[in-house]
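Understanding the architecture of this molecule
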Amino acid sequence: RQVSRARAITAGFAALLAASLIALGGCAVTKTSNIEQYQTEAEALATSIVELVPAGAEVLPWNSAVATGGGTPDADVWWQVAQAINTPEGVENGAEAAGEAITQGLEADGWESKQLDRSDAQRAVIGFKRDDAEGGNWYVELRYRLGETGRGVDFLVVSPPTDAP
């Protein structure tokens, strides 16, 4: 009798353990990716930045793509948009005027800005950051040529990181 009672208790524990594992397996945490939302927001932001540039600029096709922080399947991803613009030929300080217009527009929209150390006598490099409603950090890097004949302006929009889809 003692052996059969021990087997019954062991079988009972085994059944309880199996039921617990099944229940816990059904409650596994699933990761949610915001990458599609970030793509939409990053492309909308890039479009609004281009609209700040004075008329007559040549807006080159953008590169809009997902980027990753590492080579592992569970590495965070983010969306980034790279955009290049050429201001019209013959306009003095065209790139500088476009860069200043973008800076003023972003700052008026609540972006914090900082001139980066990569700035020099030929180009300005400015970083902008802003948190979204969920606390994610958005980043824009603006680069533009300085001087009378400078025409080149480019920027990079980077979304907050999110789980890979």
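Quantities reported herein were computed from a predicted structural model and do not represent experimental measurements.

What follows covers the environment of Arg145. Secondary-structure assignment places Arg145 in strand 6 (residues 137-145). Separated by 26 residues in the primary sequence, Arg145 and Ser119 have C-alpha atoms spaced 9.9 Å apart.

Another point: the side chain of Asp132. Along the chain, Asp132 falls in the loop between strand 5 (123-131) and strand 6. Of note is the side chain of Asp132, whose polar atom sits 3.1 Å from the backbone nitrogen of Glu134. The residues contacting Asp132, other than those within four sequence positions of it, are Tyr38, Trp138 and Pro160.

Our focus in this paragraph is the environment of Ala121. Within the secondary structure, Ala121 sits in the loop between strand 4 (112-115) and strand 5. For the pair Ala121 and Leu146, spaced 25 residues apart in sequence, the C-alpha to C-alpha distance is 7.2 Å.

This paragraph deals with the confidence of the model for the chain. Note: predicted coordinates in regions of low pLDDT should not be interpreted at a detailed level. A residue-level look at the chain finds 81% of positions with pLDDT of 70 or above and a mean pLDDT of 85. Mean pLDDT across the elements of the chain ranges from a minimum in helix 1 (residues 2-26), with 45, to a maximum in strand 7 (residues 152-158), with 98. A low-confidence stretch, residues 2-29 stays under pLDDT 50, and its non-local contacts, those more than four residues away or across chains, total zero contacts.

Next up on the list: the side chain of Thr87. Positionally, Thr87 belongs in the loop between strand 3 (77-86) and helix 3 (94-108). In this structure Thr87 touches Ala57, Gly94, Ala95, Ala98, Gly150, Arg151 and Val153, once residues within four positions along its chain are discounted.

Under the criterion given, the structure shown has five salt bridges. With a shortest N-O distance of 2.4 Å, Arg143 and Asp154 are connected by a salt bridge. Taken together, the residues Arg143 in strand 6 and Asp154 in strand 7 connect sequence positions 11 residues apart. Residue class for Asp154 comes out partly exposed when judged on its relative accessible area of 24%.

Criteria and cut-off values
- Residues numbered from 1 in each chain as written.
- Predicted model: local features only at pLDDT ≥ 70, side-chain atom pairs only at ≥ 80, totals over all residues.
- Heavy atoms only, no water.
- Helix = DSSP H or I, 4+ residues; strand = E, 2+ residues; numbered from the N terminus.
- Polar contact = N/O pair within 3.5 Å; in protein donor to acceptor, adjacent residues only side chain to side chain.
- Contact = heavy atoms within 4.5 Å.
- pLDDT = per-residue confidence, 0-100.
- Salt bridge = Lys/Arg side-chain N within 4 Å of Asp/Glu carboxyl O.
- Buried < 20%, exposed > 50% of the residue type's maximum accessible area, 1.4 Å probe, protein only.

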